[in-house]
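Observations on the model geometry
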Amino acid sequence: MNYVGIDVHKQSFQAAVVDQTGSCLEEFRLRNNREGIEQLIERAGCYGSFQAVVESSANYWNKLFDVMQENSIPIKLSNPHKTKAIAEAKVKTDKIDARTLAQLLGVDLVAECYVPSREDREKRALIRERASLTKIRTEHRNKIHDLLAKYEYSHGFSDLFGKEGMTWLKTLKLSHYDQVILDTNLRLLESFDAEIEKLSIEIAKLAINHTDENQQNQVKLLLGLKGIDYYGAMILLSEIGDIKRFATPEKLVSWAGLAPRTHQSGETSYNGHITKKGSSRVRWILGQAAQTARLYDLKFKTFYERITSRKGHNKALVATMRKMLVVIWTILTKNEPYSGEDRELTERKIKRLTRISL
């Protein structure tokens, strides 16, 4: 058995083939397209059967990973942050990285990333696209807020960017260039609103009509938590993937980057800030959910207030996010509703989800 390490980039990838002793048999660079990947399979196959490992880099690895699987070639996705032999190398080149990956694979020391199925990755991309557009829309809304502050305009709308607020914004008269900026951003906001609405409908359809009955049930379980709607549930499920890959809630908390850093020297040990490693999207949606839960869920409200009295709002909110994630692990693992669920509220959420998906 030989081993192939692949350092992948947008347009090309560097590959190294090593034998069981770790000796390099061949190194080459090819285009990161189907033709290049098939050439890789042919050239590496000349030396006999092989396994492969590719370093996770943006989404450039997807095509290579899928083609390898189509050809029944064992392949792993390496986590560059955990593969310290590469991440901490003093000399880093594509050749060295590819060769090191192959050698680590040969001695079974590759730190793997979880790889969802191709279908699940496509669904995750859809959900992430909505989050991306929402973030961009917020940037344009902030530009309009800046213009209002510049001209000292105030308003009494609960939602400045709702129907009445947008109508009012279109009546404002600014200097020529600022007016151009305002009008441009208003047109962009209308466009973003329309596209986000389309994506929201697709995600709602996916949530309620999912081919996997287990995931349909998981969406309903998550809707039992105050602060989580169907979109929040879909973000959590798409990012977390198979909950069974986390043996304990602590492992899920660590994966999400919500575990505190631990500093230890001799007999002294203390916890620092959270690591913030893992999915930023999970932390974002948990932050939104925790803000609601601390106000309207008695269990989380009591917990938040106890922490905030000693450590302040920010640390209490993070602790609430962490507690919510533990609850999420529990209900998904045991396939049981949240003990503090407001069933009437959950039913309203499900009805809204059904209405949006029609």
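So, here's what we can say about the structure. (Residues numbered from 1 in each chain as written. Predicted model: local features only at pLDDT ≥ 70, side-chain atom pairs only at ≥ 80, totals over all residues. Heavy atoms only, no water.)

Focus: the nonpolar core
Leu222, Leu225, Ile228, Leu236, Leu286 and Ile328 are the most contacted members of the largest nonpolar core, which totals 47 residues. The residues touching Ile328, leaving out its near neighbours within four places in the chain, are Leu222, Leu225, Ile228, Leu236 and Leu286. With 23 residues, the next largest nonpolar core counts Ala52, Trp61, Phe65 and Leu77 among its residues. (Core = buried A, V, L, I, M, F, W, Y, C linked by side-chain atoms within 4.5 Å. Buried < 20%, exposed > 50% of the residue type's maximum accessible area, 1.4 Å probe, protein only. Contact = heavy atoms within 4.5 Å.)

Thoughts on empty space enclosed by the protein
One pass over the full model with this rule turns up 1 cavity of 30 Å³ or more. Considered as a void within the structure, the largest cavity measures approximately 40 Å³ in volume. If you go around the largest cavity, the residues you meet are Ala207, Ile208, Gln216, Val219, Lys220, Ile350 and Leu353. Of all the elements in the fold, those that place two or more residues in the lining of the largest cavity are helix H7 (176-208), helix H8 (213-223) and helix H14 (343-357). Examining the composition of the lining of the largest cavity, we find that 3 residues originate from one element, H8, more than from any other. Here the lining of the largest cavity is built from residues that sort into 5 nonpolar, 1 polar and 1 charged. (1 Å grid on protein atoms, 1.4 Å probe; cavity = no way out; pocket = protein on both sides within 12 Å on 5 of 7 lines; lining within 4 Å. Points joined across faces, edges and corners; volume = space filled by probe spheres on them. Helix = DSSP H or I, 4+ residues; strand = E, 2+ residues; numbered from the N terminus. Nonpolar A, V, L, I, M, F, W, Y, C, P; charged D, E, K, R; others polar.)

Notes on the sheet that holds strand E3 (residues 24-31)
Strand order in the open sheet formed by 5 strands is E3-E2-E1-E4-E5, and the pairing between neighbours is mixed. Bordering the open sheet on either side are E3 and strand E5 (75-78), each of which pairs with just one other strand. Sheet twist, expressed as the mean angle between neighbouring strand axes with direction ignored, is 20°. Summarising the sheet, strand E1 (residues 2-8) and strand E4 (residues 50-55) pair through 5 bridges and their orientation is parallel. When the sheet's bridge partners are listed, Val4 is paired in E4 with Ala52. Those strands touched by helix H1 (residues 34-45) are E1, strand E2 (12-18), E3 and E4, and its axis lies near 165° from that of E3. Across the sheet, helix H2 (residues 62-70) touches E1, E2, E4 and E5, and the angle it forms with E5 is around 160°. (Pairing = 2+ DSSP bridges. Axes fitted to C-alpha atoms, helices over the stretch in contact; angles between N-to-C directions.)

Overview of H8
Restricting attention to buried positions, one finds in H8 the residues Gln215, Gln218, Val219, Leu221, Leu222 and Leu223. Structurally, H8 contributes buried residues whose contacts are with H7, helix H9 (230-240), helix H13 (313-334) and H14.

What about the pairing of E2?
Of all 7 residues making up E2, 7 are buried, and the element is well covered by its neighbours. Burial of E2 is two-sided: the residues Ser12, Gln14, Ala16 and Val18 facing one way and the residues Phe13, Ala15 and Val17 facing the other way are all buried. Across 6 bridges, E1 lies against E2 in antiparallel orientation. Bridge pairing links Gly5 to Ala16 in E2. Between E1 and E2, which pair antiparallel one after the other, the connecting turn spans 3 residues. Where E2 meets E3, 7 bridges bridge the pair, whose relative direction is antiparallel. The partner of Gln14 across the bridge, within E3, is Arg29.

Considering the pattern of salt bridges
Taken as a whole and assessed by the stated rule, the structure comprises 19 salt bridges. The salt bridge partner of Arg43 is Glu26, with a shortest N-O separation of 2.4 Å. Separated by 17 residues along the polypeptide, Arg43 in helix H1 and Glu26 in strand E3 bring together distant segments of the chain. Judged by its relative accessible area of 31%, Arg43 falls in the partly exposed class. Here Arg348 makes a salt bridge to Glu344, at a shortest N to O gap of 3.4 Å. Residue Arg348 and its partner Glu344 are both found in helix H14; the two are separated by 4 residues, about one turn of the helix. Classification of Arg348 by relative accessible area gives partly exposed; the value is 48%. When salt bridges with common partners are traced through the structure, they connect Arg34, Glu38, Asp66, Glu70, Arg118 and Arg121 into a single cluster. (Salt bridge = Lys/Arg side-chain N within 4 Å of Asp/Glu carboxyl O.)

Structural measurements only, silent on function.
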